[in-house]
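Listed here are the chains, written in short residue letters.
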Amino acid sequence: MQARSQSAIWIKEPSADAGVVIVTSAALPKAMIDQLHMAIDDWDQVAYLVVTHSRQLMLDWLRVGSSPERSALTPDSDAFQLLRHVARGSFLLDVETGAEPGLTWLGSVCGHPLRVVDLGTVALSGEGMDRQIEDVLAATRHLAKSLLQERCTL
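Residues numbered from 1 in each chain as written. Predicted model: local features only at pLDDT ≥ 70, side-chain atom pairs only at ≥ 80, totals over all residues. Heavy atoms only, no water.

### Side note on the nonpolar core
In plain terms, the rule: To qualify as a nonpolar core, a set must consist of buried Ala, Val, Leu, Ile, Met, Phe, Trp, Tyr and Cys residues joined through side-chain atoms within 4.5 Å. Burial status follows relative accessibility: with a 1.4 Å probe on protein chains alone, a residue under 20% of its type maximum counts as buried, one over 50% as exposed, and anything between as partly exposed. Numbering of helices and strands runs from the N terminus; a helix is a DSSP stretch of H or I covering at least four residues, while a strand is a stretch of E covering at least two. We call two residues contacting when some pair of their heavy atoms lies within 4.5 Å.
In this structure, I22, L28, M32, L36, Y48, L93 and V136 are the most contacted members of the largest nonpolar core, which totals 24 residues. Ranked by the residues each element gives to this core, the list is headed by helix α5 (residues 126-153), at eight residues. Beyond its immediate sequence surroundings of up to four residues, V136 is in contact with I22, L36, L93, V95, V117 and L119. By size, the runner-up hydrophobic cluster in this structure holds 18 residues, among which are V23, V51, L92 and C110.

### Brief notes about helix α1 (residues 30-40)
The test is simple: For this quantity, the arc is that covered by the directions from the helix axis to the C-beta atoms.
Residues of α1 that are buried include every one of M32, I33, L36 and I40, and no others. End-on view of α1: buried residues confined to an arc of 100°, all on one side of the axis. Exposed and oriented more than 90 degrees from the buried face of α1 are K30 and M38.

### Examining a negative patch on the surface
Going by this rule: Each patch is built from residues that are more than 30% exposed by relative accessible area and take part in no salt bridge. Like charges join if they lie within 9 Å; nonpolar side chains (Val, Leu, Ile, Met, Phe, Trp, Tyr) join within 5 Å. With residues, only the protein chains shown are counted as cover, and all accessible areas are computed by Shrake-Rupley using a 1.4 Å probe. What makes a salt bridge here is a side-chain nitrogen of Lys or Arg within 4 Å of a carboxyl oxygen of Asp or Glu, nothing more. Positive charges are assigned to Lys and Arg, negative charges to Asp and Glu, while His and the chain termini are left out of the count. For the purpose of locating charges, the reference atoms are NZ of Lys, CZ of Arg, CG of Asp and CD of Glu.
A contiguous patch of negative charge on the surface is contributed by D17, D41, D42 and D44. You can see D42 is positioned in the loop between α1 and β3 (46-51).

### Quick word on helix α2 (residues 54-66)
Let me state the cut-off plainly: A helix's residues, less one, multiplied by 1.5 Å, set its expected span.
The end-to-end C-alpha separation of α2 is 18 Å, in line with the 18 Å expected for 13 residues at 1.5 Å each. Residues of α2 that are buried include every one of L57, D60 and V64, and no others. Take α2 and look down its axis: the buried residues cluster within an arc of 65°, on one side only. Among the exposed residues of α2, those oriented more than 90 degrees off its buried face are R55, R63 and S66. Looking at the buried positions of α2, the neighbouring elements they touch are β3 and α3 (78-83).

### Let's talk about the confidence of the model for the protein chain
How we decide: In predicted models, pLDDT denotes the confidence assigned by the predictor to each residue on a 0 to 100 scale.
Of all residues in the protein chain, 86% attain a pLDDT of 70 or more, and the chain-wide mean is 88. Highest mean pLDDT in the protein chain belongs to β3 (97); lowest belongs to α5 (88).

### Observations regarding the environment of K12
Stated formally: The term polar contact refers here to a pair of N or O atoms within 3.5 Å; inside protein, the definition further demands a hydrogen-donor-capable atom paired with an acceptor-capable atom, and it admits residues adjacent in sequence only when both atoms are side-chain atoms.
With respect to the element layout, K12 can be found in strand β1 (residues 8-12). A distance of 3.0 Å separates a polar atom in the side chain of K12 from the backbone oxygen of I40. At a separation of 2.3 Å, a polar atom in the side chain of K12 contacts the main-chain carbonyl oxygen of W43.

### Thoughts on the side chain of D94
Tracing the sequence through the fold places D94 in strand β4 (residues 91-96). An unpaired buried charge is present at D94: no salt bridge exists, and R115, the closest side chain of opposite charge, is 11 Å distant. Side-chain polar atoms of D94 contact the backbone nitrogen of T104, separated by 3.3 Å. Ignoring sequence-local partners within four residues, the contact set of D94 consists of V23, L103, T104, L114, R115, V116 and V117.

### Observations concerning the pairing of strand β2 (residues 20-25)
Rules: Following DSSP output, two strands are said to pair if at least two bridges run between them. By the criterion used throughout, a crossover qualifies as right-handed when its path from the first strand across the helix to the second strand runs clockwise, the strands pointing away from the viewer.
With respect to burial, β2 is a largely interior element, five of its six residues being buried. Here six bridges tie β2 to β3, and the two strands are oriented parallel to one another. Bridge assignment links V20 to a residue of β3, and that residue is V46. In this view, the connection linking β2 to its parallel neighbour β3 by way of α1 has right-handed handedness. With four bridges connecting them, β2 and β4 associate as parallel partners. Its bridge partner lying in β4, V21 is registered against L92.

Now the structure itself:
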């Protein structure tokens, strides 16, 4: 699997069991990225993608998608290459920190359902940051649990 691209990096690559992919911007404080990674490190059903250049990634995807020469069988945008190994039906959990959603379009790349956790302004204090990390982890647990329940009832 491609672990790194020009615009994003897998902090934790998706396993075959991954049902949730946390997606954050690299603008998130490194301490927060590291804490999220440590918290999910042993969760097989969760992967973690950090987008370093959202606009570049989106423009590449739009350029490839609108190209008249594009073959539907060989999409080669950076975004597609990053998400193609994520199982169908797996959730993308977009962690937003700005006034405008910056990564919500990723759900359209391969058709993954997308949910958003809006943290608002990133906390600068340890206590505030811990609370925001717990908000992301709570949403992650909720999505993973709903997928497990859905798979068990099929």
